[in-house]
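# Fold and geometry: a report
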Number of protein chains: 2
Amino acid sequence: MNLVLDAMGGDFAPGHEVEGALMALRLAPGRFTIDLVGQPEAIRAELDRMGISGEPPFGIVPASQVVSMHDHPAQAVKAKPDSSLVVGLKYHAEGKADAFISTGNTGAVMTASVFILGRLPGVSRPTVFTFFPTVTGSNVLIVDAGANVDSKPEHLVQFAQMGAIYAGCVFGKAAPRVALLNVGSEPGKGTELAKEAHALLSARPGLNFIGNIEGRDLIRGTADVAVCDGFTGNILLKFAETIEPFISYALAAELPEAGFDEDAAARVQAALHRACRGFDYEAQGGVPLLGV
Amino acid sequence: MNLVLDAMGGDFAPGHEVEGALMALRLAPGRFTIDLVGQPEAIRAELDRMGISGEPPFGIVPASQVVSMHDHPAQAVKAKPDSSLVVGLKYHAEGKADAFISTGNTGAVMTASVFILGRLPGVSRPTVFTFFPTVTGSNVLIVDAGANVDSKPEHLVQFAQMGAIYAGCVFGKAAPRVALLNVGSEPGKGTELAKEAHALLSARPGLNFIGNIEGRDLIRGTADVAVCDGFTGNILLKFAETIEPFISYALAAELPEAGFDEDAAARVQAALHRACRGFDYEAQGGVPLLGV
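In this text, all values refer to a predicted model and were calculated from it rather than measured experimentally.

## Topic: the interface of chain B and chain A
Taken together, the 53 residues of chain B in the interface contact 53 residues of chain A. Interface area, chain B with chain A, both sides summed: about 4,700 Å², of which 71% is carbon and sulfur. Ranking the residues of chain B by area buried against chain A places B:F231, B:F239 and B:F246 at the top, with a combined share of 15%. At the junction of chain B and chain A, the tally comes to 8 salt bridges. With a shortest N-O distance of 2.9 Å, B:E254 and A:R274 are connected by a salt bridge. Summed over the shared surface of chain B and chain A, the result is 17 residue pairs in polar contact (both at pLDDT 80 or more). Contributions of two or more residues to the side of chain B that touches chain A are made by β5 (129–133), α7 (192–202), α8 (230–240), α9 (243–254) and α10 (262–275) of chain B. Take the side of chain B that touches chain A: its biggest share by element is 9 residues, from α8(B).

So this is what it looks like as structure tokens:
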């Protein structure tokens, strides 16, 4: 399997991308090959900085332009045809790589993917998901997590279908339980969007739709896939990332009063950090763009 | 000050209401008087069960009907004119009580309040809020928290105004910082609703509008008031209620490995419980319905 990695996408590009590619090849030798797409001189400068001379263990696909986090997605794709994003996706579309990976501008990655790779049949809106840990030990996949902030009922059905396929194939769940994230458990609850989506999801053949769940049910693990619009999903995701820092802050004030010395408090904080790893998006890494 | 308490509203009515009224009168003697509105025989049966004979320390306003959690709000108000909800609100509207309190069906309380008390000038949608703790030690008020799931941009402006007034008068904040909860900090981000609300909020005189904040900013305390539609607010609120049980579950698995014995682990859990009290809606009690 050959992967093409956008060397220019992230906030710390291309340094982190070069380091990451080297680390991946070292940790999983022989499992895949990697091509970096981007400005060859910038990539070589990183290798020099790291003291690596001679041929790198990855290929370099030249691309002269860079799509930044501030570029407007659709404009960036048109205005920067020789960007690492566009060149990398075309490389993937031509079959020279089996997957394209980028830590760049999510909107631009999504727009370019739709233009260059196309949508899967039946999909009008590609989607990204996130997942939360639950008290059952397994995760709940939350879809959409921000790719589509203004969603229509039929989009939610597509998110449900893509989420269920992913949970089935990748998490190995047979007939994943799909629920609609809503403000009440009864079918008539919620926004017009939620009500219409509930009706469509109920009528969808082949989907194990278990009805509405509330915000409190996510962590209870009552569903394998929770469907929502990307606005709600994104706000939840970003809020969840701050649970650990908040609990850490609040515990720091309580632990001395509870009789824990500095050393014990540090061990509690370390245990908290491990307890929260399911919410740590840096530990979780990226997510696939589904539907292209 | 006289309070009228809906004796028939909650899941454990009228037992908890009778006990709560007695407790409040005992804890704050002379600060207020209480009338319970509901079925006199059911209220008296609770007093008998508690071994209290003679005249109770609160008044009883008779109402023969009960609005349940399953009643449709608007229908319940019309079909049950002698319900504790309708009778209690009329008692308040007539000036016989200074506030009406109910733990019952939120939608029905809101609908009946609009019918019986009326809306304040300039308010088309009364609202309820919640608040989250922050790492600054003060709270962020989140409005709307579920009263209005399908909100229009002008409703969000009203929520902002009501939230700012409340934060100013009750939390004592001068010029409370009001933010729009959104998926990005830039003005052009978000749903059509968010974009239009941003424009209206920016143009609103007298409001200290600081722009968009993201889900991760709530706990950082960058705003005093975070405005959102009731769908998003409700899902966030209900998710936040499960932070403590989740962390408690996840810590329970980590603490023995971190070298804490049962007693120390129990003290950590107790400290966690105190650390999370800002998210404990049972500890926080109720919230006022703003705008009626």
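## Side note on the state of the cysteines
For the structure shown, the criterion picks out 0 disulfides over all chains. For A:C228, which is in no disulfide, the shortest distance to another cysteine sulfur is to B:C228 and amounts to 14 Å. Classification of A:C228 by relative accessible area gives buried; the value is 1%. Sulfur of A:C276: no disulfide; nearest cysteine sulfur belongs to B:C276 and is 9.8 Å away.

## Comments concerning the relation of the copies chain B and chain A
The two copies are related by a screw motion: chain B maps onto chain A through a turn of 179 degrees and a shift of 0.0 Å along the axis, at an RMSD of 0.1 Å. Each copy turns onto its partner about a two-fold axis. Ranked by how close their C-alpha atoms come to the rotation axis, the residues of chain B are headed by B:T232, at 2.8 Å. Mapped onto chain A, 100% of the interface residues of chain B are again interface residues, and the two copies thus contact each other with one and the same surface.

## As for the confidence of the model for chain A
One rule of thumb: low pLDDT means the predicted coordinates there are not for detailed reading. Taken as a whole, chain A shows an average pLDDT of 94; of its residues, 99% reach a score of 70 or greater. Confidence metrics for the complex model read pTM 0.90 and ipTM 0.89.

## Here we look at α9(B)
For α9(B), with 12 residues, the first-to-last C-alpha span of 16 Å sits near the 16 Å given by 1.5 Å per residue. Every buried residue of α9(B) is listed here: B:I243, B:E244, B:F246, B:I247, B:A250, B:L251 and B:E254. Looking down the long axis of α9(B), one finds its buried residues gathered within 160 degrees of arc, a one-sided arrangement. Residues of α9(B) that are buried sit in contact with β5 (129–133), α8 (230–240), α9 (243–254) and α10 (262–275) of chain A together with α8 and α10 of chain B.

## Focus: the sheet that holds strand β6 (residues 139–143) of chain B
All names here are of chain B. Read across the open sheet, the 5 strands follow the order β5-β6-β9-β7-β8; overall the sheet is mixed. Whereas interior strands pair on both sides, the edge strands pair on one side only; in this sheet they are β5 and β8 (209–213). Going from strand to strand, the sheet's axes swing by 30 degrees on average, the running direction of each strand aside. Lying over the sheet, α8 contacts β5 and β7 (178–181), oriented at roughly 45 degrees with respect to β5.

## A closer look at the sheet that holds strand β2 (residues 33–38) of chain B
All names here are of chain B. The 4 strands are arranged β3-β2-β1-β4 in an open sheet whose pairing can be described as parallel. With one partner strand each, in any of the chains shown, β3 (59–62) and β4 (99–101) form the two edges of the open sheet. Along the sheet, successive strands turn relative to each other by an average axial angle of 25 degrees, direction set aside.

Parameters at a glance
- Here the residue numbers are simple positions, counted from 1 along each chain's written sequence.
- Think of it this way: whatever chain is written first is A, whatever ligand is written first is 1, and the rest follow in order.
- Given that this is a predicted model, residues contribute local features only at a pLDDT of at least 70 and side-chain atom pairs are listed and counted only at 80 or more, while totals for whole chains, interfaces and linings are drawn from all residues.
- Note that water and hydrogens are dropped before the side-chain values are worked out from all heavy atoms of the structure.
- Contacts were defined at the residue level, with two residues in contact if any of their heavy atoms lie within 4.5 Å.
- Two parts placed together each lose some accessible area under a 1.4 Å probe, and adding up what both lose gives the buried area.
- Each salt bridge in this description consists of a side-chain nitrogen of Lys or Arg and a carboxyl oxygen of Asp or Glu lying within 4 Å of one another.
- In protein, a polar contact means a hydrogen-donor-capable atom and an acceptor-capable atom, both N or O and within 3.5 Å, with residues adjacent in sequence counting only if both atoms are side-chain atoms; elsewhere, any N or O pair within 3.5 Å suffices.
- A run of H or I in DSSP becomes a helix once it reaches four residues, and a run of E becomes a strand once it reaches two; helices and strands are each numbered from the N terminus.
- Two cysteine sulfurs form a disulfide in these notes if their separation is within 2.5 Å.
- With a 1.4 Å probe rolled over the protein chains alone, any residue whose accessible area is under 20% of its type maximum counts as buried; one over 50% counts as exposed, and the rest are partly exposed.
- Alignment of the copies relies on least squares applied to C-alpha atoms, considering only residues that score at least 70 for pLDDT in both.
- Per residue, pLDDT captures the predictor's confidence, and it can take any value from 0 to 100.
- Expected helix span is taken as 1.5 Å per residue step, with the number of steps being one fewer than the number of residues.
- Comment: arc refers to directions from the helix axis out to C-beta atoms.
- Pairing between two strands requires that DSSP report at least two bridges joining them.
- To obtain an axis, a line is fitted to C-alpha atoms, over the contacting stretch when the element is a helix, and the angle between two such axes runs from 0 to 180 degrees between their N-to-C directions.

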